[in-house]
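Chain residues, written in single-letter form:
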Amino acid sequence: MSSHGQVELINDFGASGQRQTRKEVARLAGVKHVHKAFNWFESHEREIADRQLEVTAIPAPPFRERQRSEWMLGKFVECGLQQAHMDDVSNVIGLLPGTVQEPYVLISAHVDTVFSETQLDVRRDGERLVGPGIADNGAGLVALLAIAGAMQAAGIKTRLPLLFLANVGEEGEGNLRGIRHFFEDPRWSTRIHCMLALDGAGTDTIVTEALGSRRFEVSISGPGGHSWSDFGTPNPIVLLASVIERLSRIDLPDNPKTTVNVGIIEGGTSVNAIPESALMRVDLRSTNPARIAAIEAQLLAILKEVVEGAVNSFAVQSRVRVIGDRPAAELTQGAFILEALRAVDSQLGIKSHVHCASTDANIPLSLGVQALAIGAGGTGARAHTLQEWFIARERAVALKRILLTVLTVAGLTE
Ligand SMILES: [Zn+2]
């Protein structure tokens, strides 16, 4: 998960509906079985942390998550989840049946990391768990297992069935492919009541706004040649530099926040050769999809002008490839899942903050399905670096928060 900005949560729900929800949450928190699950969280912290070290040590780079998915599948079976299986893209799915067949409440955590196989050094250092991916999303994965484990141990049954999903492809080039695949599957696509994505550390965050992005690889190519004898042949690096310069001068609004980043440039082979090609990778982001589309149109127009304006332009070609596309979307005002979470936060004394971020929740939100991404507890820092760390202090509070929210939206059967 990557977060962008932070605003204080504003109360915008109908007062009476909210009072009802708060009453229900307070009632749930007092039920004996629910208490048993709460105690389970406290008494199993050591086991949860051990699992977190174990799962984080299994490599799961984008597109090569299978080994970690297999580990998750084994744990799903151990936790007593039914129909546990892996789908064609290595998403792992398991079920806790409800008293009705559908719709499902979906609880997910992404299995992939931004790291390659060789970078994983995972260890305990005092109260810290250290290692790349330990919080993002080692914390989310073990929270998923803890919820399933505690519910089974405490004998908690819900009205709506619960689907547990450990999905691939959330980070970077993964481009949300795991959650996309899940929502394209006709078994689930129209049957999801709402989704809670567990992503990274933290107890007080709520992501309700899905940050959209589109990413492109833009390349310009020409015949190339010798720097002296072929001088005058169009130079793709110079042309690309001109595109970048004009792109960087586009006026971007602060509200809705909209950004353009040229993150990578490549090109050329030798100082005394006119390059045959140059390329860049560009990331466009906005909370408003129309802004992303507008900047994309400007980028294409600039590219066309620069290429057509080149000397000997007949010899120049350009190519644009979409390498990432995450829809921007927002949770509707008064969404029941947010109302449930807010009531839970007030019950547990958590002061929460709303964020805008790019997470697995982008996909359901863009399809009109209610979804939130929240932290899986503890404190973490340095996500997406080799120095990432996590401290499990008060993890149980976040697990109680997740469980109570799930029970509020799914209904407890007594
Ligand atoms: Zn994450």
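Given the structure is predicted, the values throughout are model-derived calculations rather than measurements.

A. Quick look at unusual backbone geometry. Cis rather than trans, the peptide bond between Asp-136 and Asn-137 has omega equal to 15 degrees. Here Asn-137 is to be found in the loop between β6 (128-130) and α5 (138-154). Note the cis peptide between Asn-255 and Pro-256, where omega equals 0 degrees. One can find Pro-256 in the loop between α7 (236-247) and β13 (258-267). One non-glycine residue, Arg-382, lies in the positive phi region at around 60 degrees. With respect to the secondary-structure elements, Arg-382 resides in the loop between β20 (379-381) and β21 (389-391).

B. Highlighting the sheet that holds β6. Read across the open sheet, the four strands follow the order β5-β6-β21-β20; overall the sheet is antiparallel. Each having just a single partner strand, β5 (123-125) and β20 make up the two edges of the open sheet. Averaged over all adjacent pairs, the angle separating strand axes in this sheet is 25 degrees, with direction ignored. The pairing of β5 with β6 spans three bridges and is classified as antiparallel. Note on β6: the bridge partner recorded for Asp-125 is Arg-128. Helix α3 (residues 45-56) rests against β5, β6 and β21 of the sheet, and its axis sits at about 130 degrees to β5.

C. Structural context of the sheet that holds strand β15 (residues 277-286). With respect to topology, four strands assemble into an open sheet ordered β13-β15-β11-β16, the strand pairing being antiparallel. Each edge of the open sheet carries a strand with a single partner, namely β13 and β16 (317-326). When strand polarity is set aside, the average angle formed by the axes of neighbouring strands in this sheet is 15 degrees. Relative to β15, β13 runs antiparallel, the two being bridged by nine bridges. Residue pairing across strands places Thr-259 opposite Arg-285, the latter belonging to β15. Across the sheet, α7 is in contact with β11 (212-221), β13 and β15; its angle to β15 comes to roughly 15 degrees.

D. Highlighting the packing of aromatic side chains. Scanning the entire structure with this criterion turns up four aromatic pairs. Ring geometry for Phe-182 versus Phe-183: centroids 5.4 Å apart, planes at 75 degrees, classification edge-to-face. The class for Phe-183 is buried, based on a relative accessible area of 6%. For the pair Phe-182 and Trp-188, a centre-to-centre distance of 5.7 Å together with 5 degrees between the ring planes defines the contact as stacked. Members of the aromatic cluster, connected to one another through ring pairs, are Tyr-104, Phe-182, Phe-183 and Trp-188. The ring of Trp-389 is capped by Arg-128, whose NZ or CZ atom sits 3.8 Å from the centre of that ring.

E. Fine view of the pattern of salt bridges. Under the counting rule described, the total for this entry stands at 24 salt bridges. Across the pair Asp-50 and Arg-46 runs a salt bridge, and its minimum N-O distance is 3.8 Å. Of the two residues, Asp-50 and Arg-46 both sit in helix α3, four residues apart, roughly one turn of that helix. Classification of Asp-50 as partly exposed rests on a relative accessible area of 34%. Taking the relative accessible area as the measure of exposure, Arg-46 reaches 55% and is therefore exposed. Through salt bridges with shared partners, a single ionic network connects Glu-47, Arg-51, Lys-75 and Glu-78.

Cut-off values and rules
Residue indices follow the written sequence of each chain, beginning from 1 at its first position. Local features are withheld for residues below a pLDDT of 70 in this predicted model, meaning they are given only at 70 or higher, and side-chain atom pairs are given and counted only at 80 or more; totals for whole chains, interfaces and linings count all residues. With hydrogens and water stripped out, all remaining heavy atoms of the structure feed into the side-chain values. A run of DSSP states H or I qualifies as a helix once it reaches four residues; a run of E qualifies as a strand once it reaches two. Both are numbered from the N-terminal end. For two strands to count as paired, DSSP must find a minimum of two bridges between them. Axis definition: a line fit to C-alpha positions, over the contact stretch in the case of helices; interaxial angles, taken between N-to-C directions, run 0 to 180 degrees. Contact criterion: two residues are considered in contact whenever any of their non-hydrogen atoms come within 4.5 Å of each other. Only centres within 6.5 Å qualify two rings of Phe, Tyr or Trp (six-membered ring in Trp) as a pair; their planes then separate them into stacked at under 30 degrees, edge-to-face at over 60, and tilted for everything else. Only protein chains enter the accessibility calculation, which uses a 1.4 Å probe; a residue is then buried when its area is under 20% of its type maximum, exposed when over 50%, and partly exposed in between. Each ring is checked for a lysine NZ or an arginine CZ that lies within 6 Å of its centre and within 35 degrees of its normal; such an atom marks a charge sitting over the ring. Any carboxyl oxygen of Asp or Glu that lies within 4 Å of a side-chain nitrogen of Lys or Arg is treated as forming a salt bridge with it.

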